[in-house]
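Working through the structure, step by step
Below, each chain spelled out in residue letters.
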Amino acid sequence: KDLVLLQEDKYYFGEVGKKYLSKSSAGALLGNVRNFLVDKGDNINFELGSYFHHLLIEPEKATLEHVVKSSTRTTKAYKQYCADNEIPFAVLESEKQMIENLAKAMEALPVFQEIIYNIDNSYEVADVAELHGLWWKGKADIVSPYKVYDLKTTGDINRFRFTAKTYNYDLQAYLYRRIFGKEMVFLVADKKTAVCGIFECSEEFYESGRHKAEKAAANYEKYFGENATESPSNYYIKSQL
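Since this is a predicted model, take the numbers as computed values, not measurements. (Residues numbered from 1 in each chain as written. Predicted model: local features only at pLDDT ≥ 70, side-chain atom pairs only at ≥ 80, totals over all residues. Heavy atoms only, no water.)

Another aspect to go through is unusual backbone geometry. Of all residues except glycine, most have a negative phi; of all peptide bonds, most are trans. One non-glycine residue, glutamate 124, lies in the positive phi region at around 50 degrees. When you line up the elements, glutamate 124 lands in strand E3 (residues 122–131). Since its relative accessible area comes to 16%, glutamate 124 is described here as buried. With a phi angle near 55 degrees, histidine 132 is a residue other than glycine that sits in the positive phi range. Tracing the backbone shows histidine 132 in the loop between E3 and strand E4 (134–143). On the basis of relative accessibility, which here comes to 32%, the residue histidine 132 falls in the partly exposed class. (Helix = DSSP H or I, 4+ residues; strand = E, 2+ residues; numbered from the N terminus. Buried < 20%, exposed > 50% of the residue type's maximum accessible area, 1.4 Å probe, protein only.)

In C-alpha cells:
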C-alpha cells in the first residue's frame, strides 16, 4: 500500500514517507541529530534542482511559480516581491535561464539522449528496502533495465568526484543500489560551464555509503528507536584535532 502512495510526491515527502529513512533524513542522523525530521521547507537549490529534473524527464511539471527579474537577492525589487507574495525566496530570471540552458546542453549530447530517453526507462520510481534493521526509501530519477540514474547539478564538475561525499551522494548510491538492485550512475551538469559528465560509482564509493548508512541507523536507534537510550537534547560532538 505504501509503495503505491510513495510514487506521488505529496506522500513521498509527507507523512507516509516519514515512516522511512532516506538519504535526506539520514543527513541529520550523520550530523546534528536534533534536526532529524525537522521540516526545513523548500530552498532555492531544491527549487532549481527540481526544475532541472522536470525539464529533462517530466516536462509537463516544469514550472516555476515565482520568478523575479532582478540581478541579485539584495535588490529592493526582489525583497519587495517576496514580501508582497509572502514567500521566503524567489527564483531569479538568470537562474531560470541557467537551468534551462543546462537541460538543453545535456539533451544535446547523444550519449545522454540515449541514457535519459531509452524506451525501456521508468521515471521517478519510488521503492523501499529493509537495511541495517530499518526501512529505507528512495526515489530514482531514472530506472533503466540495467542501471539507476540520478540527475545532478554542480558548481564545479571537475571537483564533483571530491565533493560528492560531502553531499552524501555515496550514501545515496549505496541505498539505491540496495533498494533498486542496480548500479548507480550520476548524470551531472556544471552550472557555470554547462559541461556534462557521467559518473559511475566505485566499490570504495559504495562502501563509504554503507558506513554512513550503518552510522545513521545506529544513531536512529540510539536517539529515536523504540528502545532509545539517549535523548536528542543530549547530543554533542566529541572528536580529536
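Picking up where we left off.
Moving on to the pattern of salt bridges. For the coordinates displayed, the defined rule picks out 14 salt bridges. Put simply, glutamate 204 and lysine 165 hold a salt bridge, and the shortest N to O gap is 2.7 Å. Taken together, the positions of glutamate 204 in helix H10 (residues 203–223) and lysine 165 in the loop between helix H8 (160–163) and helix H9 (169–180) put the pair 39 residues apart, joining distant regions of the chain. If you follow the salt bridges from partner to partner, you end up with Arg177, Glu183 and Glu203 in one network. (Salt bridge = Lys/Arg side-chain N within 4 Å of Asp/Glu carboxyl O.)

Turning our eyes to something else, we now look at the nonpolar core. Within the largest apolar cluster, 33 residues are counted, with the highest numbers of intra-cluster contacts made by Trp136, Leu175, Met184 and Phe186. Counting residues per element, the ones that place at least two in this core are helix H3 (23–29), E3, E4, H9, strand E6 (183–190) and H10. In this structure, Ala62, Ala90, Phe112 and Ile115 belong to the second largest nonpolar core, which totals 31 residues. (Core = buried A, V, L, I, M, F, W, Y, C linked by side-chain atoms within 4.5 Å.)

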